[in-house]
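Residue-level structural notes
Okay, here's what each chain looks like letter by letter:
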Amino acid sequence: FVKYAIDHNWINEYGRAGIGILCGGILLVFAHFLRKRFKPFSSVLVGGGIAVLYFTIGIAFHEYHLFKQEVAFAIMVAITGFSIMLTLAYDRVELAVLALIGGFATPFMLSTGEGNYIVLFTYLMILNVGMLTLAYFKKWNIINILSYAFTVLIYGGWLFTKMANAEFPPYNGALLFASLFYLVFFSMHIIHNIKEGHSFTMLDFSLLLSNTFLYFGAGMFILNHIRHGYYEGIFTACLGIFNFVFAFLLYKNQKVDRNLVFLLIGLVLSFVSLTAPIQLEGNRITLFWAAETVLLLWLSQKSGIKLMRIAS
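Residues numbered from 1 in each chain as written. Predicted model: local features only at pLDDT ≥ 70, side-chain atom pairs only at ≥ 80, totals over all residues. Heavy atoms only, no water.

Quick word on the environment of Thr133
Basically, it comes down to this: Only DSSP runs of H or I with at least four residues qualify as helices, and only runs of E with at least two residues qualify as strands; both kinds are numbered from the N terminus onward.
Within the secondary structure, Thr133 sits in helix H6 (residues 117–137). Remark: the alpha-carbon pair of Thr133 and Ile191, spanning 58 residues in sequence, is separated by 9.4 Å.

Examining the confidence of the model for the chain
Inclusion rule: Confidence of the predictor in every single residue is expressed as pLDDT, which spans 0 to 100.
Taken over all residues, the pLDDT of the chain has a mean of 85, while the share at 70 or more is 98%. Taking the mean pLDDT of every element in the chain, the minimum, 79, falls on helix H13 (residues 306–311) and the maximum, 92, on helix H9 (residues 202–223).

A word on unusual backbone geometry
The line we're drawing: A 1.4 Å probe rolled over the protein chains alone gives each residue an accessible area, and that area as a share of the maximum for its type sets the label: buried under 20%, exposed over 50%, partly exposed in between.
In this model, Asn9 sits at a positive phi of 60 degrees, which is unusual for a non-glycine residue. In this structure, Asn9 sits in the loop between helix H1 (2–7) and helix H2 (13–34). Residue classification places Asn9 among the exposed positions, given a relative accessible area of 59%. Phi angles above zero are rare outside glycine, and His65 is one such case at about 55 degrees. By secondary structure assignment, the location of His65 is in the loop between helix H3 (39–62) and helix H4 (69–90).

Considerations on the nonpolar core
Quick note on the threshold: To define a nonpolar core, start from buried Ala, Val, Leu, Ile, Met, Phe, Trp, Tyr and Cys residues and group those joined through side-chain atoms within 4.5 Å. A contact between two residues is defined here by any heavy atoms of the two lying within 4.5 Å.
Residues Phe121, Tyr155 and Leu260 are the most contacted members of the largest nonpolar core, which totals 80 residues. For this core, the element with the highest residue contribution is helix H8 (residues 171–196), accounting for twelve residues. In this structure, Leu260 is in contact with Ile190, Ile194, Phe200, Phe205, Leu208 and Leu250, ignoring residues within four places of it in sequence.

Let's talk about the packing of aromatic side chains
Test applied: Note on ring pairs: Phe, Tyr and Trp rings are taken, using the six-membered ring of Trp, and paired if centres are within 6.5 Å. Classes follow the plane angle, with under 30 degrees stacked, over 60 edge-to-face and the rest tilted. Should the NZ of a Lys or the CZ of an Arg lie within 6 Å of a ring centre and within 35 degrees of the ring normal, that charge is described as sitting over the ring.
Overall, the coordinates contain 28 aromatic pairs when judged by the stated rule. Ring centres of Tyr182 and Tyr215 lie 4.5 Å apart, and the angle between their planes is 10 degrees; this geometry places the pair in the stacked category. With Tyr182 in helix H8 and Tyr215 in helix H9, this residue pair connects regions lying 33 residues apart in the sequence. Here Tyr182 falls in the buried class, since its relative accessible area comes to 3%. According to the relative accessible area criterion, Tyr215 is buried, its value standing at 11%. A cation sits over an aromatic face here: Lys195 above Tyr136, 4.9 Å from the ring centre.

Printed below as a string of structure tokens:
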């Protein structure tokens, strides 16, 4: 009957969008009442309700033009935030996965083809900060991996296709967002284990390393187009300094897994050693490495860290 009424325009666009929102709300209400007796089924209902809300707003924007893009965008952000709240309240990882997928699908559902990377990456930052908050409370590796993988695919696809072919590529903006994403995922991969004092697994270290070297690769690609790579060595040194600061702070905390500290020290040594051949030329590289050797030997004597003596 509803379909018949819509086909004959008895129900206008506002009514159709209202029906969609009502149906999504009904599913969420039923899920709430069934959350204790039928946990898996209530999760399915929540997922269905959230999906209905996402698609309703998407159709209302694209097909019916009921909202401006900014309004539809804000509503989608609210739906994603509500989904994360339900995830924490129900303590169900599948709800987090559904919220994450819906969140990353939002910019594509609301795309107008303008290619505004600032809006897109600002939204992804907001979404990933939400996932970072979730990672602080829950150790759900699937959430960290999915948010990390989706972000890498979206940003990497834009960097090597859209930006590379642009008439005036926004190199500064690209580097800024790459740095922000790097910081968020660096925090996401370590925050829960540090808070709870847990040991780091091989998966944790793999995510941490891939995040670092993907960021390094993206940064070098971008900086190669700025003043013919003049800042590449400075960028490499800054990465080493950043990891050194974290290693130094965590080294003093006896509850932190020592393997994480040694991994960060290894990254520091790698980036500092790479700085010389990237930024300098000729004998200056040898002089830099000679000074680094002496410094590492001195640090190993002071700290007692065997890794530094071996690196020296």
